[in-house]
Amino acid sequence: MTSLRRLKALLSVVLLFGFIVFINDETDRITGPINTALEIGVLESATGTVISGILIVVPTLLFSYLILPDKLLGYAYIKTPNKEDIKQIGVGLAYIFTVYFALGVVLIALGLEPASNEVVADFEENPSLLPIMITTTFLIVAPVEELIFRGVMQRYLQDYYHPVVSIGISSVLFAGAHVAVLDGGISGILSYILLVGTIGGIFGYMYYKTRNLIVPMLLHAIYNTTLLTFLFIELTM
């Protein structure tokens, strides 16, 4: 019976992941006419992010309502950070950027270059759009992704699997969700997945340690915002 429940939990999470990937793939088709009608670059860059976020959150909330044993806010440990949480955010950021730079050095030494992110590449061609992307990343992208991969997937799996396993599965799915926007060869894609999956594992660990989803949400938001801010400075100086 336990094995059957574990299998059901895993299949439920994979099904949710597949639906999210499908929605991401369809977002461009859905938002294309809106972007064309707006004809304003800054708004165009935010439209897809906002609509995609809404389309992804709705099935996630439905999943949580049908599957999870309690209300999502309480089940996912969403609460106001206390002093210890704030301290752990600082610790988490130290982990994240240490791993980011260390893995970068290792990959370079091995002659491997992570695949480029097509979304970032688009902004490299038009840096004026980056400020709005930084804002939407902080307010929408990071919170939505953490709600899905940590607050729902990882938290749900923890009821049936060891924490290391639940963190590992959710991190692999988190990394896999980025494959559709990657441009590069197999080695580049695998290098990117390794980097993002490892960073996702840190998000998951800090979530498990603090039992507060706001912590990985802020870690994710600060991480993305920092990388995009340095990119903006590099492109505009």
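Each remark here, short or long, concerns the structure printed above.
Criteria and thresholds
- Residues numbered from 1 in each chain as written.
- Predicted model: local features only at pLDDT ≥ 70, side-chain atom pairs only at ≥ 80, totals over all residues.
- Heavy atoms only, no water.
- Salt bridge = Lys/Arg side-chain N within 4 Å of Asp/Glu carboxyl O.
- Helix = DSSP H or I, 4+ residues; strand = E, 2+ residues; numbered from the N terminus.
- Buried < 20%, exposed > 50% of the residue type's maximum accessible area, 1.4 Å probe, protein only.
- Expected span 1.5 Å × (residues − 1).
- Bend = angle between axes of the 7 residues up to and from the residue.
- Axes fitted to C-alpha atoms, helices over the stretch in contact; angles between N-to-C directions.
- Parallel < 35°, antiparallel > 145°, perpendicular 65-115°, else oblique.
- Left-handed = near helix turned anticlockwise from the far one by under 90°.
- Nonpolar A, V, L, I, M, F, W, Y, C, P; charged D, E, K, R; others polar.
- Contact = heavy atoms within 4.5 Å.

**Q** I'm lost on the pattern of salt bridges in this one. Help?
**A** As a working rule, side chains carrying opposite charge can pair if their charged atoms are close by. Counted according to the given criterion, the structure contains 2 salt bridges. In this structure, Glu146 engages Arg150 in a salt bridge whose closest nitrogen and oxygen atoms are separated by 2.7 Å. Placement of the pair is Glu146 and Arg150 together in helix H6 (residues 130-158), with a separation of 4 residues, close to one helical turn. Grouping residues by exposure puts Glu146 and Arg150 together as buried.

**Q** I would appreciate a short explanation of unusual backbone geometry in the present structure.
**A** Excluding glycine, a negative phi dihedral is what most residues carry, and trans is how most peptide bonds are arranged. At Arg211, a residue that is not glycine, the phi angle is positive and equals roughly 55°. Among the secondary structure elements, Arg211 is positioned in the loop between helix H8 (186-210) and helix H9 (214-236). Note on Arg211: relative accessible area 46%, which makes it partly exposed.

**Q** Before we go on, may I ask you to explain H6 in this structure?
**A** Residues spaced three or four apart along an α-helix point in a common direction, a consequence of the helix completing one turn every 3.6 residues. Given a rise of 1.5 Å per residue, 29 residues ought to cover 42 Å, yet the end C-alpha atoms of H6 are separated by just 37 Å, more than 12% below that figure. Maximum bend of H6: about 50°, positioned at Thr137. Most of H6 is tucked away, with 23 of its 29 residues classed as buried.

**Q** Would you explain the packing of H6 against H9 in this entry?
**A** H9 packs onto H6 with a crossing angle of 155° between their chain directions and a minimal axis gap of 8 Å. Comparing their axes, H9 and H6 come out roughly antiparallel. Two packed elements cross with a definite hand, and for H6 against H9 that hand is right-handed. Across the contact of H6 with H9, the residue classes break down as 17 nonpolar, 5 polar and 2 charged.

**Q** Is there a simple way to think about the environment of Leu228 in this case?
**A** Assignment of secondary structure puts Leu228 in helix H9. Taking relative accessible area as the criterion, Leu228 reaches 12% and is therefore assigned buried. Placed 94 residues apart in sequence, Leu228 and Ile134 show a C-alpha to C-alpha distance of 6.4 Å. For Leu228, the contacting residues outside a window of four places in its chain are Leu130, Met133, Ile134 and Thr137.

**Q** Honestly, the packing of helix H4 (residues 83-109) against H9 in this entry has me stumped. Any pointers?
**A** Two measures define how a pair of helices packs: the angle their axes make with one another and the distance between the axes. In the contact formed by H4 and H9, the axes pass within 10 Å of each other and the chain directions differ by 45°. With respect to their mutual orientation, H4 and H9 come out oblique. H4 and H9 meet at a crossing whose hand is right-handed. Taking contact as the criterion, the partners of Asp85, Ile89, Gly92, Leu93, Ile96, Phe97 and Tyr100 in H4 are, on H9, Val215, Leu218, Leu219, Ile222, Tyr223, Thr226 and Leu227. Its residues assigned to classes, the contact of H4 with H9 shows 11 nonpolar, 2 polar and 1 charged.

These figures come from the coordinates and say nothing about function on their own.
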